[in-house]
Amino acid sequence: MTGTGTKAAVAWLASVAPDPGAVRREWARNPQGMALLPAGRRWDVLIVPGELGHPTLDVLTRLLDRPGPVLADFGESRMGFFVPPGTASRWVGTGIRGIGAGAWIVAPRPGSTVGGVRWLIPPDGSGALTDAGLLELALHEAAAARGARGGG
């Protein structure tokens, strides 16, 4: 990610914080820092088990030039797909957890890996998110492919 891209991504992520300036200052002072950010304002996050999340991301990258932001946790056992606000409250899916209004996520500075948490697809600052309907289709395709291979 370029310096300009990182700056735009930092500004976009920090904009949801109660004190956006504090998040920007912390990440400028400590690029390996984490920020606690509220979901439900500019985005929700759907948390998918890694064994389904990786093939889902593969499907999305075949369909789109660039999916919305995707976070991976320690060991990539879970992946968080950034989707439009309100998606978490409407999502019905076994094994997928929605993080929306009233909930918070921990995020590293774009371009950084902190304690194993990293951006698989970092935000670009434009506000681009993964369409929830397209994510659902990709999840179904990935699950079906895993089932056909005997993986799930």
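These figures come from a predicted structure and were not determined experimentally.

**Quick word on the overall build of the protein**
Scanning the protein from N- to C-terminus turns up 5 helices and 8 strands. Going from N to C terminus, the protein has its helices and strands arranged as α-α-β-β-α-β-β-α-β-β-β-β-α. For 152 residues, the compact-globule formula gives about 15 Å, and the C-alpha radius of gyration of the protein, at 15 Å, lands near that figure. By principal-axis analysis of the C-alpha atoms, the protein measures approximately 50 × 30 × 25 Å. By residue count, 43% of the 152 residues in the protein fall in the buried class. For the protein, contacts bridging at least 24 residues in sequence account for 79% of all contacts bridging at least 6. Taken as a whole, the protein presents about 7,500 Å² of accessible surface, with 54% of it coming from carbon and sulfur. Between the mean site of the 15 positive side-chain charges and the mean site of the 12 negative ones, the protein shows a separation of 7 Å.

**Notes on a nonpolar patch on the surface**
Together, Leu-36, Trp-104 and Val-106 line one region of the surface with nonpolar side chains, adding up to about 300 Å² of accessible area. Within the secondary structure layout, Leu-36 lies in strand E1 (residues 34–38).

**Quick word on the pairing of strand E8 (residues 117–121)**
As judged from the 3 bridges shared by strand E3 (residues 70–72) and E8, these two strands associate in the antiparallel manner. Across the sheet, Ala-72 pairs through a bridge with Arg-118, a residue of E8. Two elements, strand E7 (residues 113–114) and E8, share 2 bridges in a ladder whose sense is antiparallel. If you follow Val-114 over to E8, its bridge partner there is Val-117.

**A word on the pattern of salt bridges**
Side-chain pairs of opposite charge can arise whenever the charged atoms involved come near each other. With the rule as written, the count across this model stands at 5 salt bridges. Here Arg-78 and Asp-73 are joined by a salt bridge, their closest N and O atoms 2.9 Å apart. Relative accessible area serves as the criterion here: at 11%, Asp-73 is assigned to the buried category.

**Quick word on the layout of surface pockets**
Looking at the largest pocket, its volume works out to about 320 Å³. Around the largest pocket sit 17 residues that line it, and Ile-47, Leu-71, Asp-73, Ile-105 and Val-106 are the ones nearest its centre. Counting only elements with at least two residues in the lining of the largest pocket, the list comes to strand E2 (44–49), E3, strand E4 (78–83), strand E5 (97–99) and strand E6 (104–108). Top contributing element to the lining of the largest pocket by residue count: E4, with 4 residues. When its residues are assigned to classes, the lining of the largest pocket shows 13 nonpolar, 1 polar and 3 charged.

Reading the values: rules and limits
Residues numbered from 1 in each chain as written. Predicted model: local features only at pLDDT ≥ 70, side-chain atom pairs only at ≥ 80, totals over all residues. Heavy atoms only, no water. Helix = DSSP H or I, 4+ residues; strand = E, 2+ residues; numbered from the N terminus. Rg over C-alpha atoms; globule rule 2.2 N^0.38 Å. Buried < 20%, exposed > 50% of the residue type's maximum accessible area, 1.4 Å probe, protein only. Contact = heavy atoms within 4.5 Å. Areas by Shrake-Rupley, 256 points an atom, 1.4 Å probe, with all protein chains shown as cover. Lys, Arg positive; Asp, Glu negative; His and termini not counted. Charge placed at Lys NZ, Arg CZ, Asp CG, Glu CD. Patch = residues over 30% accessible without salt bridge, like charges linked within 9 Å, V, L, I, M, F, W, Y side chains within 5 Å. Salt bridge = Lys/Arg side-chain N within 4 Å of Asp/Glu carboxyl O. Pairing = 2+ DSSP bridges. 1 Å grid on protein atoms, 1.4 Å probe; cavity = no way out; pocket = protein on both sides within 12 Å on 5 of 7 lines; lining within 4 Å. Points joined across faces, edges and corners; volume = space filled by probe spheres on them. Nonpolar A, V, L, I, M, F, W, Y, C, P; charged D, E, K, R; others polar.

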